[in-house]
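Structure at a glance
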Amino acid sequence: MGIGAIIIVGAGVVALSTAYDLLAQHPATRVLIIAAELPTDPASSWTADYASMWAGAHYRPIAPSTPQLRAEFALAQNTHRMMKRIARDKPESGCGFMGAVEYMENPGERELQLKSRDIFAGEGDGFRVLSPEELPDKVKWGCEYDAYCIDTQKYCQWLLHQIQKTGQVRVLRRQLSQVLDAFEAAEAVNFPKAKIVVNCSGRGFGDPKSKIVRGQTVLVKQQYHKSVTRQCADGSWTFLIPRPNMGGTIVGGTKEEDDWRSEPRESTRKAVLQKAVECFPYFVDDVSQFEVIRDNVGRRPFRDGGLRMELEELDGDRRIVHGYGAGSRGYELSWGIAGKLVKLLEQATVSRASL
Ligand SMILES: Cc1cc2nc3c(=O)[nH]c(=O)nc-3n(C[C@H](O)[C@H](O)[C@H](O)COP(=O)(O)OP(=O)(O)OC[C@H]3O[C@@H](n4cnc5c(N)ncnc54)[C@H](O)[C@@H]3O)c2cc1C
Ligand SMILES: *[C@@H]1O[C@H](CO)[C@@H](O)[C@H](O)[C@H]1NC(C)=O
């Protein structure tokens, strides 16, 4: 059965992946994307709330130690499979595969139980636990595997371009004051009558369960060759995320809960670069060698209890499919989330037809 006409609010990685998957599975669907910010806008206009523009982004698997993490583990594995295909067939997308290394100064129980050849990132990831002599000073546990890294702005532009090429999509730039205004906005531009809106607004509408974690990173011109992450005993993180096709390297980064400052902090930039030199001595010898392209500041859209992926029936025959609250994992869960939201859309269409 056809899905008909659907409105998607948002143009971040979650919204765009959902539109892509929806059109791949149901090519006759008409899609209207309504978003305050788009990946094709000038970079200088993006706010810190548009998280997808500011992410690294790498895929850092997390051992499934809680029910929420178990659900996310499955989404991450699905995403890994799809990203592998995109990196192989569409290198121009900004998604590329490379080696990844993790170092932990204070590993959890789950990590300590992992064995080489376990599946960590996804099938065929070449997962290997590092031996003690391979670990840098103070690091208690480490591993390596193959995973993807993403040049985020390029990738979202690519996704948008792919879905527009289908001829089934219209894009409307609009700031909505509530998600339900999407129905009227669609009518006002003569979009075919839609009964379902997909809410991929990140944290745009202030759910009381939403909270933000500020992240500041630095994009440098130097090109590292693998994705490395070190979790330090004091709770801080330092990581290098190479951007495929010589897009430079993201050096990060902070996790600052409820910190709403939109501008980069000079002191943070210095500390992040200094830490990277200390932790990853093979990158550059000295902080002064870094050629900084840009500071990035974004707000990770967290939500208590994790992602909301849910079909909500409204009065009349209208429905919302929610897909927001991806926190720090929007890219690495994106195709898993998209697949789940498309299932909810199919379900919403069937339940409407049976009324
Ligand atoms: C510094 C940093 C590093 C990160 N690193 C990684 C990483 O390595 N790997 C990873 O997987 N993730 C990473 N993330 C997290 C990732 O960026 C987010 O999880 C992801 O971008 C969330 O995507 P989204 O589509 O849900 O929301 P967003 O990207 O925030 O998009 C929301 C969309 O909704 C629209 N919208 C919102 N409100 C309204 C409104 N009122 N009216 C109209 N439109 C509206 C916006 O304009 C936008 O188009 C990082 C984040 C940061 C900040
Ligand atoms: C849509 O998503 C936002 C998060 O951006 C949330 O606050 C809001 O409650 C959702 N809309 C509705 C109508 O539930």
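Every value quoted in this text rests on a predicted model; they were computed, and no experiment measured them.

The subject of this paragraph is the overall build of the chain. Along its length, the chain carries seven helices and 15 strands. Taken over the C-alpha trace, the chain has a radius of gyration of 21 Å; the compact-globule value for 355 residues is 20 Å, and the two agree within 12%. The dimensions of the chain, computed from C-alpha atoms along their principal axes, are 65 × 40 × 40 Å. Out of the 355 residues in the chain, the part that is buried amounts to 56%. Within the chain, contacts between residues at least 6 apart in sequence are counted, and of these 75% link residues at least 24 apart. By element, 49% of the accessible surface of the chain is carried by carbon and sulfur atoms, the whole surface being about 15900 Å². When the 46 positive and 44 negative side-chain charges of the chain are each reduced to one mean point, those points stand 4 Å apart.

The subject of this paragraph is the side chain of Glu-256. Mapped onto the secondary structure, Glu-256 falls in strand S12 (residues 256-257). Engagement of the side chain of Glu-256 in a polar contact is seen with the side chain of Arg-265, the distance being 3.3 Å. For Glu-256, the residues in contact, after removing those within four places along its chain, are Ile-212, Val-213, Arg-214, Gln-216 and Arg-265.

What follows covers the environment of Gly-202. Note that Gly-202 resides in the loop between strand S7 (196-199) and strand S8 (210-220). The spacing of Gly-202 and Gly-122 is 80 residues in sequence and 26 Å in space, taken between C-alpha atoms. Each residue touching Gly-202, except ones within four places of it in the same chain, is listed here: Pro-301, Tyr-324 and Gly-325.

Close to ligand 1 lie 37 residues, the nearest being Ala-11, Glu-37, Ser-52, Gly-327 and Gly-330. Here a nitrogen atom of ligand 1 and a backbone polar atom of Ala-36 are 3.0 Å apart. Between Leu-176 and ligand 1, the recorded distance is 2.9 Å, taken from a backbone N or O atom to a nitrogen atom. Against a free-state accessible area of 1000 Å², the protein chains account for coverage of 96% of ligand 1. Of all elements in the fold, only helix H1 (13-25) and strand S13 (292-303) reach the threshold of two or more residues within the shell around ligand 1. Here the shell around ligand 1 takes four residues from S13, the largest share from any one element. Its residues assigned to classes, the shell around ligand 1 comprises 16 nonpolar, 14 polar and seven charged. Both domains that furnish three or more residues to the shell around ligand 1 are identified here as domain 1 (1-57 + 151-209 + 304-355) and domain 2 (218-302).

Counting 64 residues, the largest nonpolar core has Ile-8, Ile-33 and Tyr-155 as the members making the most contacts within it. In terms of residue count, helix H7 (residues 334-353) provides more of this core than any other element does, eight residues in total. If near-sequence neighbours (up to four positions away) are discounted, Ile-8 is found in contact with Ala-15, Ala-19, Val-31, Leu-32, Ile-33, Ile-34, Val-198 and Cys-200.

Turning our eyes to something else, we now look at the domain arrangement of the chain. Assigned domains of the chain: these are domain 1 (1-57 + 151-209 + 304-355) and domain 2 (218-302). Put simply, the middle of domain 1 and the middle of domain 2, counted by C-alpha atoms, are 30 Å apart. In this assembly, 19 residues from domain 1 lie in contact with 16 residues from domain 2. When domain 1 packs against domain 2, close to 1400 Å² is buried across both sides, 56% of that on carbon and sulfur atoms.

This paragraph deals with the pairing of strand S5 (residues 141-150). With eight of 10 residues buried, S5 lies mostly within the body of the structure. Where strand S3 (residues 95-104) meets S5, 10 bridges bridge the pair, whose relative direction is antiparallel. Among the inter-strand pairings, Tyr-103 is bridged to a residue of S5, identified as Gly-142. Strand direction decides the pairing type here: strand S4 (residues 128-129) and S5, joined by two bridges, are antiparallel.

Around ligand 2, the structure places 13 residues, and the nearest of them are Asn-199, Ser-201, Gly-204, Asp-207 and His-322. Here Asn-199 contributes a side-chain N or O atom positioned 2.4 Å from an oxygen atom of ligand 2. The side chain of Ser-201 places a nitrogen or oxygen atom 2.6 Å from an oxygen atom of ligand 2. Here the shell around ligand 2 gets three residues from one element, more than from any other, and that element is strand S15 (residues 319-324). For the shell around ligand 2, the class distribution of residues is four nonpolar, six polar and three charged.

What counts, and where the lines are drawn
- Throughout this description, residue numbers start from 1 for each chain and increase along the sequence as written.
- Chain letters and ligand numbers both follow the written order, the letters beginning at A and the numbers at 1.
- Restriction of local features to residues with pLDDT of at least 70 applies here, the model being predicted, together with a cutoff of 80 or more for giving and counting side-chain atom pairs; totals for whole chains, interfaces and linings are based on all residues.
- Excluding hydrogens and water, the side-chain values take into account all heavy atoms of the structure.
- Comment: elements are numbered from the N terminus, with helices defined as DSSP H or I runs of at least four residues and strands as E runs of at least two.
- Radius of gyration: over C-alpha atoms. The globule rule applied is 2.2 Å multiplied by the number of residues raised to the 0.38 power.
- When accessible area is computed with a 1.4 Å probe and restricted to protein chains, residues below 20% of their type maximum are described as buried, those above 50% as exposed, and intermediate ones as partly exposed.
- Only heavy atoms matter for contacts: two residues are in contact if any of them lie within 4.5 Å across the pair.
- All accessibility values rest on the Shrake-Rupley procedure with a 1.4 Å probe; residue burial counts only the protein chains present in the view.
- Counted as positive: Lys and Arg. Counted as negative: Asp and Glu. His and the chain ends are not counted at all.
- Charged side chains are reduced to one point each, which is NZ for Lys, CZ for Arg, CG for Asp and CD for Glu.
- Residues adjacent in sequence count toward polar contacts only when both atoms are side-chain atoms; beyond that, a polar contact is any pair of N or O atoms within 3.5 Å, and within protein one must be able to donate a hydrogen and the other to accept it.
- Throughout, the term near means that a residue has one or more heavy atoms lying within 4 Å of the molecule or strand in question.
- Charged means Asp, Glu, Lys or Arg here, nonpolar means Ala, Val, Leu, Ile, Met, Phe, Trp, Tyr, Cys or Pro, and polar covers whatever is left, Gly included.
- Domain start and stop points were drawn from an automatic or database domain assignment.
- Note on terminology: a nonpolar core comprises buried Ala, Val, Leu, Ile, Met, Phe, Trp, Tyr and Cys residues joined through side-chain atoms within 4.5 Å.
- Buried surface area refers to the total accessible area, computed with a probe of radius 1.4 Å, that the two partners give up upon joining, counted for both partners together.
- A pair of strands is labelled paired if DSSP reports no fewer than 2 bridges between them.

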